Amino acid sequence: VKYHLRQISCHVAAIACLPRASVKTLKGFAKLMQFEAPAEMAAAGKNGWPSIGEFYSHKDVFITGATGFMGKCLVEKLLRSVPDIGRVMVLVRPKKTKSVQDRISDMLSSKVFDNLRTEQPAVFEKLLPVAGDLMEPRLGLSESDQQLLFQNVVVVFHLAATIKFDAPIRESLKLNVIGVREITKICRKMKKLVSFVHVSTAYANCNQTDDIEEMVYPPQVHPDKILSLLDWMSEEQLDTLTPSLLSGRPNTYTYTKSLAEYVLVQEAKGLPVAIFRPSIVGASCREPFPGWVDCLHGPSAILVAVSESSLGLGYSTHSRVVSLIPIASSRP
């Protein structure tokens, strides 16, 4: 896979700053999306690019997926590294047994926030939970919360998604595709928006036989036609159809992530969109502290098993390269 983003810091907090290493790629994508970079993007910093701190200073940020692995790390990074940031608004879906505030309390109890609790406890006042649901029209936001976002948000990070490889196609389409469509509608009404970052995956186009370029690949079947199937097909019918829809991909996750990218290209024209394609994300390298991870899924479980001498041998192919990156690697 060809990537020209090698100088980007691995922590996701940096990607809204449109790093210098990606200028060529981003200019091409900006042309595709038909938007001009805001004047303030070139207001400070070396070569016309502001530093991360300058970029986020006094700006309000909206994040979906903040209670997930990458989301927690992003929230912690923003609050710790940009003390004069505006509000960090996070979309949280209430559950039957837990309110929005309960879920925020659970999130903040994570060890990733230990340093903040000790050194900068006041920054948590900048965290503002917003009740909503990715699968609902207008994200299920109240009228007052919609206006709050429309009038104040400058940067949007869309991290929320189902990352279950074996999720039924209906669930994946609703969260990963319809969710992108709904948040795009919200972003279009934001008066101060300068960056809308959509987190995809490096494997969205893993069915390509040639090198995967920094471009959005058109699907074999238009997303509108795929989504229309949800209106009349039963679960059994969708499950039967799924293998033919995947177009050579191994699961519904990579397929719907690819559809989501295409939906952005079609429906977010004129918006300052960036698509971030991380590969397999593992534990932190340096910050907030080495080795932090909040789950034992995928590679994390294997690394723990190896480090504990529980796994000493595994079947593999010596020519294969594991595309594993740390959730955060930059120095504090």
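Before reading further, recall that the structure is shown in the block above.
Quick summary incoming for the structure in this document.

What follows concerns the side chain of N205. When you line up the elements, N205 lands in the loop between strand 5 (195-199) and helix 8 (223-228). A distance of 3.4 Å separates a polar atom in the side chain of N205 from a polar atom in the side chain of S258. Those residues in contact with N205 that lie beyond four places of it in its chain are I212, Y217, R249, S258, E261 and R277.

Tallied over the entire structure, the rule returns 14 salt bridges. For R87, the salt bridge identified is with D60, shortest N-O distance 2.8 Å. Taken together, the residues span a long stretch of sequence, with R87 in the loop between helix 3 (69-81) and strand 2 (88-92) and D60 in strand 1 (residues 60-64) at a distance of 27 residues. Owing to a relative accessible area of 31%, R87 belongs among the partly exposed residues under this scheme. With a closest N to O distance of 3.0 Å, E287 and K77 form a salt bridge. With E287 in the loop between strand 7 (280-282) and helix 11 (299-307) and K77 in helix 3, this residue pair connects regions lying 210 residues apart in the sequence. Assigned by exposure class, E287 and K77 land together as buried. Look at the salt bridges and you will find they share partners, linking E76, K77, R80 and E287 into a network.

This part covers the packing of helix 7 (residues 169-188) against helix 10 (residues 252-267). Where helix 7 meets helix 10, the axes come as close as 9 Å, and the angle between the chain directions of the two elements is 25°. Here helix 10 runs roughly parallel to helix 7, going by the angle between their axes. For the pair helix 7 and helix 10, the sense of crossing is right-handed. When helix 7 is examined against helix 10, the residues I169, S172, L173, N176, V177, V180, R181, T184 and R188 are found in contact with a partner set consisting of T252, Y253, Y255, T256, L259, A260, V263, L264 and E267. In terms of residue class, the contact of helix 7 with helix 10 is built from 10 nonpolar, 5 polar and 3 charged.

Moving on, we get to the pairing of strand 1. In terms of burial, strand 1 is a largely internal element, 5 of the 5 residues being buried. The side-chain alternation of strand 1 yields two buried faces, one formed by D60, F62 and T64 and the other by V61 and I63. Relative to strand 4 (residues 153-158), strand 1 runs parallel, the two being bridged by 5 bridges. Each bridged residue has a counterpart across the sheet, and for T64 the counterpart in strand 4 is H158. Alignment of strand 1 against strand 2, held across 3 bridges, turns out to be parallel. Across the sheet, I63 pairs through a bridge with V90, a residue of strand 2. Of the crossover connections in this fold, the one passing from strand 1 over helix 3 to the parallel strand 2 is right-handed.

Thresholds applied
Residues numbered from 1 in each chain as written. Predicted model: local features only at pLDDT ≥ 70, side-chain atom pairs only at ≥ 80, totals over all residues. Heavy atoms only, no water. Helix = DSSP H or I, 4+ residues; strand = E, 2+ residues; numbered from the N terminus. Polar contact = N/O pair within 3.5 Å; in protein donor to acceptor, adjacent residues only side chain to side chain. Contact = heavy atoms within 4.5 Å. Salt bridge = Lys/Arg side-chain N within 4 Å of Asp/Glu carboxyl O. Buried < 20%, exposed > 50% of the residue type's maximum accessible area, 1.4 Å probe, protein only. Axes fitted to C-alpha atoms, helices over the stretch in contact; angles between N-to-C directions. Parallel < 35°, antiparallel > 145°, perpendicular 65-115°, else oblique. Left-handed = near helix turned anticlockwise from the far one by under 90°. Nonpolar A, V, L, I, M, F, W, Y, C, P; charged D, E, K, R; others polar. Pairing = 2+ DSSP bridges. Right-handed = clockwise from strand over helix to strand, strands pointing away.

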